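Fold and geometry: a report
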Protein chains: 4
Amino acid sequence: MNQKLLLQWISQKQVVVPVFLIENYAKLGLNEQDFACVLQVQSFIEQGEPFPTPDRLSERMSLTTSECAALMGGLVKKGYLSLDKQWDQHGILYEYYSLDPLWEKLCSFIQSEETKGVEKEEEENAA
Amino acid sequence: MNQKLLLQWISQKQVVVPVFLIENYAKLGLNEQDFACVLQVQSFIEQGEPFPTPDRLSERMSLTTSECAALMGGLVKKGYLSLDKQWDQHGILYEYYSLDPLWEKLCSFIQSEETKGVEKEEEENAA
Amino acid sequence: MNQKLLLQWISQKQVVVPVFLIENYAKLGLNEQDFACVLQVQSFIEQGEPFPTPDRLSERMSLTTSECAALMGGLVKKGYLSLDKQWDQHGILYEYYSLDPLWEKLCSFIQSEETKGVEKEEEENAA
Amino acid sequence: MNQKLLLQWISQKQVVVPVFLIENYAKLGLNEQDFACVLQVQSFIEQGEPFPTPDRLSERMSLTTSECAALMGGLVKKGYLSLDKQWDQHGILYEYYSLDPLWEKLCSFIQSEETKGVEKEEEENAA
């Protein structure tokens with residue numbers, strides 16, 4: 001092994017996943033394939049490829065291209081992923097995925113759990 | 001919403017996932033359920049719970065307890081996860097999972113890809 | 001170089017630093033030595049050493065033990081770092097540092113910036 | 001406080017710092033200002049701004065523009081930071097900073113420590 005490999009590793013990108021998402025994706029209605037797909041999309045976005053095709057996802061997942069297409073379609077339909085458009089600085093229109101809808105759902109979920117926790121505590125104090 | 005929630009978020013733990021793993025888990029022979037299980041185990045370990053039971057995993061995944069047990073058993077059997085034992089500072093024997101076998105596999109895989117790339121380059125230069 | 005080194009690197013811990021902190025530590029009243037000290041303390045806490053001594057910090061910083069003691073004392077005094085006590089599961093009292101006060105300050109700062117931004121926008125719309 | 005702030009926080013970028021760097025920057029010859037400057041540059045690069053000016057750094061640090069210029073100049077001179085040039089896809093030449101020289105130094109340092117450790121062990125076994 002050479003030093004080049006270690007350097008590659010040292011300077012590689014990392015994807016940071018909030019523990020809140022790992023703990024709660026199933027409660028949000030995602031299964032393991034959805035969750036893995038979300039991390040793939042996040043990874044592509046952070047590497048400057050904000051509109052990965054099902055083909056690109058299939059290269060990295062244990063699923064076929066059409067299974068990846070169905071998975072991404074499902075995430076868009078259920079409101080976890082959005083497909084947006086924007087003009088870049090050179091006047092070219094480009095499409096990109098955004099995970100903001102997922103973060104919004106996670107945010108609302110955590111708030112509702114918080115509220116439930118407070119109500120439960122108040123009930124117990126009242127009893 | 002109150003400040004407590006934002007603080008919780010700010011001070012929460014994050015799980016750092018190497019892009020190399022996201023790109024290559026399928027090539028290593030893991031499917032999406034295996035991959036999600038690996039992240040769950042990593043998350044438990046980092047939160048000071050190095051021996052999560054199938055019950056604990058099931059609370060966070062879209063799978064039943066027995067499905068989680070089968071998933072973890074498979075990861076141990078296929079050599080991605082090991083179950084080790086150690087004495088703590090108070091003389092109590094405890095069991096814990098380690099993901100070192102997975103990192104070793106990933107490490108060997110990247111090295112072999114590297115070698116393949118170099119050989120291919122040499123062939124092209126020789127041609 | 002051997003594979004052991006790459007493995008060490010792959011399985012090493014990482015410290016995740018919010019971009020909000022990197023962008024705003026100076027506006028919060030911290031200088032570069034304070035900021036580096038905060039990351040050292042966070043790193044020690046995450047490695048299971050929640051009460052690092054000035055000696056331990058000095059091993060990793062470009063400062064003497066007494067400079068590290070002064071730096072940590074300053075962070076406690078200015079309310080960025082707190083020194084708390086807790087009983088562990090074996091009934092032993094232990095001391096530990098907490099960065100919660102810093103996160104609270106950062107949280108308040110971001111909220112006040114947010115408010116200023118909204119007010120400025122309203123003024124501009126009213127004008 | 002509104003949900004927008006929490007969302008901003010959730011979807012914000014994070015900078016991942018290897019514990020190896022936190023533990024060894026001083027041994028590599030960096031002081032706390034150098035280390036903070038490195039994290040600033042890494043943060044700018046990851047946010048798509050690979051050529052931050054001393055002005056931009058000064059906005060986020062407790063230092064003046066000329067102090068930041070001296071700091072960055074020093075890092076380039078001592079071989080921790082390099083200033084490279086590249087053509088983008090639209091044929092425009094742009095300059096960017098790279099932290100690869102720092103990772104190379106860190107890599108060599110860890111290897112030499114490793115070697116020292118092995119030699120020490122062999123001496124002890126021989127004695």
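Conventions we followed
Residues numbered from 1 in each chain as written. Chains lettered and ligands numbered in written order. Predicted model: local features only at pLDDT ≥ 70, side-chain atom pairs only at ≥ 80, totals over all residues. Heavy atoms only, no water. UniProt positions renumbered as here; feature names shortened; annotations may be inferred. Helix = DSSP H or I, 4+ residues; strand = E, 2+ residues; numbered from the N terminus. Rg over C-alpha atoms; globule rule 2.2 N^0.38 Å. Buried < 20%, exposed > 50% of the residue type's maximum accessible area, 1.4 Å probe, protein only. Contact = heavy atoms within 4.5 Å. Areas by Shrake-Rupley, 256 points an atom, 1.4 Å probe, with all protein chains shown as cover. Lys, Arg positive; Asp, Glu negative; His and termini not counted. Charge placed at Lys NZ, Arg CZ, Asp CG, Glu CD. Buried area = accessible area lost by both parts, 1.4 Å probe. Salt bridge = Lys/Arg side-chain N within 4 Å of Asp/Glu carboxyl O. Polar contact = N/O pair within 3.5 Å; in protein donor to acceptor, adjacent residues only side chain to side chain. Nonpolar A, V, L, I, M, F, W, Y, C, P; charged D, E, K, R; others polar. Least-squares fit on C-alpha atoms with pLDDT ≥ 70 in both. Phe/Tyr/Trp six-rings, centres within 6.5 Å; stacked < 30°, edge-to-face > 60°. Lys NZ or Arg CZ within 6 Å of the ring centre and 35° of its normal. Expected span 1.5 Å × (residues − 1). Arc of directions from axis to C-beta. Pairing = 2+ DSSP bridges.

As named in an unreviewed UniProt entry, chain A is DnaD domain-containing protein, taken from Alkalihalophilus lindianensis. According to UniProt, the comment filed for chain A under the heading Sequence similarities (unreviewed entry) is "Belongs to the DnaB/DnaD family."

Turning next to the overall build of chain A. Helix and strand counts for chain A come out as six helices and three strands. Overall, chain A shows an N-to-C arrangement of helices and strands of α-β-α-α-α-α-β-β-α. Against the globule reference of 14 Å for 127 residues, chain A gives a C-alpha radius of gyration of 19 Å, more extended than a compact globule. Overall size of chain A, expressed as C-alpha extent along the three principal axes, is 65 × 40 × 35 Å. Within the span of chain A, comprising 127 residues, buried residues form 45% of the whole. Pairs at least 24 apart in sequence give 45% of the contacts found in chain A among residues at least 6 apart. A total of about 6,300 Å² of accessible surface is found on chain A, and carbon and sulfur atoms cover 49% of it. Charged side chains in chain A number 11 positive and 20 negative. The centres of these two groups are separated by 7 Å.

All right, on to the interface of chain D and chain A then. On the chain A side, the residues contacting the 17 residues of chain D number 17 residues. Contact between chain D and chain A buries roughly 1,600 Å² in total, counting both sides, with carbon and sulfur atoms accounting for 76%. For the pair chain D and chain A, the number of links is zero salt bridges. Counting the contacts that link chain D with chain A gives zero residue pairs in polar contact (both at pLDDT 80 or more). Elements supplying a minimum of two residues to the side of chain D that touches chain A: α1 (3-10), β1 (14-18) and α6 (100-126) of chain D. Per element, the largest residue contribution to the side of chain D that touches chain A is six residues, and it comes from α6(D). Looking at side-chain class alone, the side of chain D that touches chain A contains seven nonpolar, six polar and four charged residues.

Overlaying chain A on chain B yields an RMSD of 0.1 Å, the required transformation being a rotation through 180 degrees with an accompanying axial translation of 0.0 Å. A rotation of that kind, with that shift, is consistent with a two-fold axis. When each C-alpha of chain A is compared by its distance to the rotation axis, Val16(A) comes out closest, at 2.3 Å. Of the interface residues in chain A, 100% have counterparts in chain B that sit at the interface too, so the contact is made through matching surfaces.

Turning our attention to the pattern of salt bridges. One pass over the structure, following the stated rule, counts 16 salt bridges over all chains. Of the charged contacts in the structure, one is a salt bridge between Glu59(A) and Arg56(A), with a shortest N-O distance of 2.8 Å. One end of the pair, Glu59(A), and the other, Arg56(A), are both in helix α4 (residues 54-60), three residues apart, so they sit about a helical turn from each other. A salt bridge links Arg56(C) to Glu49(C); the nearest nitrogen and oxygen atoms lie 2.7 Å apart. Since its relative accessible area comes to 27%, Arg56(C) is described here as partly exposed. The structure contains a network of salt bridges with shared partners spanning Glu49(A), Arg56(A) and Glu59(A).

Take the relation of the copies chain D and chain A next. Take chain D, turn it by 180 degrees, move it 0.0 Å along the axis, and it overlays chain A with an RMSD of 0.0 Å. Residue by residue, 100% of the interface of chain D is reproduced at the interface of chain A, so both copies engage with the same surface.

Okay, the packing of aromatic side chains next. All told, the structure shown has 12 aromatic pairs over all chains when counted by the stated rule. With 5.9 Å between their ring centres and 40 degrees between their planes, Tyr94(D) and Tyr96(D) make a pair best called tilted. Over the ring of Tyr80(A) we find Lys105(A); its NZ or CZ atom is 5.2 Å from the centre of that ring.

All names here are of chain A. The end-to-end C-alpha separation of helix α5 (residues 65-77) is 18 Å, in line with the 18 Å expected for 13 residues at 1.5 Å each. Taken as a whole, α5 has its buried residues at Cys68, Leu71, Met72, Gly74 and Leu75. On an axial view of α5, the arc spanned by its buried residues comes to 155 degrees, and they lie on one face. Of the exposed residues in α5, those oriented more than 90 degrees away from the buried face are Ser66, Ala70 and Lys77. Buried positions along α5 lie against α3 (32-46), α4 and β3 (93-98).

Moving on, we come to the pairing of β1(D). With five of five residues buried, β1(D) lies mostly within the body of the structure. Residues Gln14(D), Val16(D) and Pro18(D) point to one face of β1(D) and Val15(D) and Val17(D) to the other, with burial holding for every one of them. With five bridges connecting them, strand β1 (residues 14-18) of chain C and β1(D) associate as antiparallel partners. The partner of Gln14(C) across the bridge, within β1(D), is Pro18(D).

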